[in-house]
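Chains, contacts and geometry: an overview
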Amino acid sequence: MVTCLATLLLSILTLTLAWWGWVVRRAQLQRDLPPGPKPLPLLGNLLQLPSGRLDRALMELSGRWGPVFTVWLGPRPAVVLCGYKALREALVLQADAFSGRGAMAVFERFTHGNGIVFSNGPRWRTLRNFALGVLKELGVGTRTIEDRILEEAACLLDEFQATMGAPFDPRQLLDNAVSNVICSVVFGKRYNYGDPEFLRLLDLFSDNFRIMSSRWGETYNMFPSFMDWIPGPHHRIFKNFQELRLFISEQIQWHRQSRQAGQPRDFIDRFLDQMAKEQQDLESHFQDETLVMTTHNLFFGGTETTSTTLRYGLLIMLKYPEVAAKVQEELDATVGRTRAPTLEDRARLPYTNAVLHEIQRFVSVLPLGLPRAVTRDTHLRDHFLHKGTFVIPLLVSAHRDPTQFKDPDQFNPTNFLDAQGQFQNNDAFMPFAPGKRMCLGAGLARSEIFLFLTAILQKFCLLPVGSPANINLTPQCTGLGNMPLAFQLRLEAR
Ligand code: HEM
């Protein structure tokens, strides 16, 4: 009896001390955070972050609190980096300290911190290096992948041709084409555009991207436990993830049965080879679940962002037909109309290159980037950031920074041209984020954007359905991603 009582008292004492330690540490963390608007208990700064335009609201708050400030997303503080200079000082000049990934509840429930995108520490380093090496082996960054994209562009043009003159929404065809490029790298095959299984997968991707980018997704990230009990479309995210997991697992199973060890056909085979090599190593990062998550990262990461950029690009060309006409003029003069443009032509197409950069700047497809986390205690400007601090790299703020781009809210390709009309890069251009966590598919995405868009413009005149004056370039919703409102266009042969 006495022993029981002593054990109980000791447990209560230990819990009280642990709780007190947590309270003191939390108070210290909060005291050290950069300044920001005063949060309400539990809600944080929710009321200062109006629905739908989180990126704009954060930029406005930065006007009052400066380029490095704290905002409370519900009960969780986030340090926001706003403007080119602050982003560079953190992500480039302190690349190591800012190379951690901050957790996002919508992904956490599915990934549990596994895969490349949402892992940290040695697991992330191993998987990232492995994926970079394998993508290179499989031809990414070489003529091999360029030829693959060109083949896919030819298929896309055939599908576009079939719509000639009739209004159509290009979303699905662009999704098909872009996804097929990454499918050939990861799964070793492409799908026909009408394949019902493929169309279902693409629907799952775009449905998830849309819900995650809506108020539902934003709110889920702030109050996951509460939102688990509230009915709404956010529950579909997890159902969709489950369906994607099933598809990926089936692909992996097929690869296991049909592969020849040491003769990899694609990313999955290479991963299985590595798993076999490290079979005896209990600490190995090459496990079944990691393969599922990494495959999902490449498949999802490689589809939605690139396809949304292309779709937005077409909408911008409809709004500014004079820009499209100038690109076509340059393509005619440099490439002609008898062969498709290749990556080698890019350097000889300064105006086209500037337009493609300006599309990515203007669109800022991931306006808040993906969250980072500080990997060790560090200083940024006058602020002390504790290890683990959740950081929002507000990429769109570099793209809208008036010290870096003239009239940043306008679409203007001269942002990337010098006085002689030659292409001129700008360090504030960061759609893929700079630093150690920079997008792993940046090179592939840039090749796809160039080859697909130039192929379309070389072959077709794009015509709006309705007046160009009514074309609305405002994104449909922001949070995770910027995407255009659904639209239709018509094509005419050139
Ligand atoms: C226009 C197209 C794309 C854009 C705008 C884009 C943008 C981004 C951004 C902003 C990040 C976060 C980087 C960071 O936290 O610093 C990211 C990460 C990532 N992206 Fe992309 N991406 C695109 C295409 C692709 C493609 C085609 C792939 C597939 C090969 C891909 C795979 C990844 C992966 C695996 C990561 C995680 C990197 C890491 O955490 O180490 N992305 N991307």
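The structure presented is a predicted model; accordingly, all values stated were derived computationally and were not measured. (Residues numbered from 1 in each chain as written. Predicted model: local features only at pLDDT ≥ 70, side-chain atom pairs only at ≥ 80, totals over all residues.)

**Re the overall build of the protein chain**
Using the following cut-off: What counts as a helix is a DSSP run of H or I of at least four residues, what counts as a strand is a run of E of at least two, and both are numbered from the N terminus. Restricting the calculation to C-alpha atoms gives the radius of gyration, and the globule rule supplies 2.2 Å times the number of residues raised to the power 0.38. Three classes are used. A residue is buried when 20 or more other C-beta atoms lie within 10 Å of its own, exposed when 12 or fewer do, and partly exposed in between, with C-beta atoms placed from the backbone. Any pair of residues counts as being in contact when their C-beta atoms, constructed from backbone geometry, are within 7 Å of one another.
Within the protein chain one finds 18 helices and 9 strands. For the protein chain, the C-alpha radius of gyration of 24 Å lies close to 23 Å, the compact-globule estimate for 494 residues. The dimensions of the protein chain, computed from C-alpha atoms along their principal axes, are 90 × 60 × 45 Å. Among the 494 residues that make up the protein chain, the fraction classed as buried is 45%. Summarising the internal contacts of the protein chain: among those between residues at least 6 apart in sequence, 74% fall at separations of at least 24.

**Let's talk about the pairing of strand β2 (residues 76–81)**
Rules: In this description, strands pair whenever DSSP reports at least two bridges between them.
For strand β1 (residues 68–73) and β2, the ladder comprises 6 bridges, and the chain directions are antiparallel. Counted as the bridge partner of Trp72 is Pro77 from β2. Between β1 and the antiparallel strand that follows it, β2, lie 2 residues; Gly74 among them carries a positive phi value of about 65 degrees.

**Observations regarding unusual backbone geometry**
Phi angles above zero are rare outside glycine, and Leu42 is one such case at about 65 degrees. On the neighbour-count criterion, Leu42 (12 C-beta atoms within 10 Å) is exposed. Backbone geometry at Ser364 places phi at a positive 40 degrees, although glycine is not the residue there. Position of Ser364 relative to the elements: it lies in the loop between α16 (350–363) and β4 (372–373).

**Considerations on the site of the ligand**
Note the cut-off: A residue counts as near a molecule or strand when its C-beta atom, positioned from the backbone, falls within 6 Å of it.
In the region of the ligand, 28 residues are neighbours, and Gly301, Gly302, Ala433, Cys439 and Gly441 sit closest. Mapped by element, the contributors of at least two residues to the shell around the ligand are α13 (288–301), α14 (304–319) and α18 (442–459).

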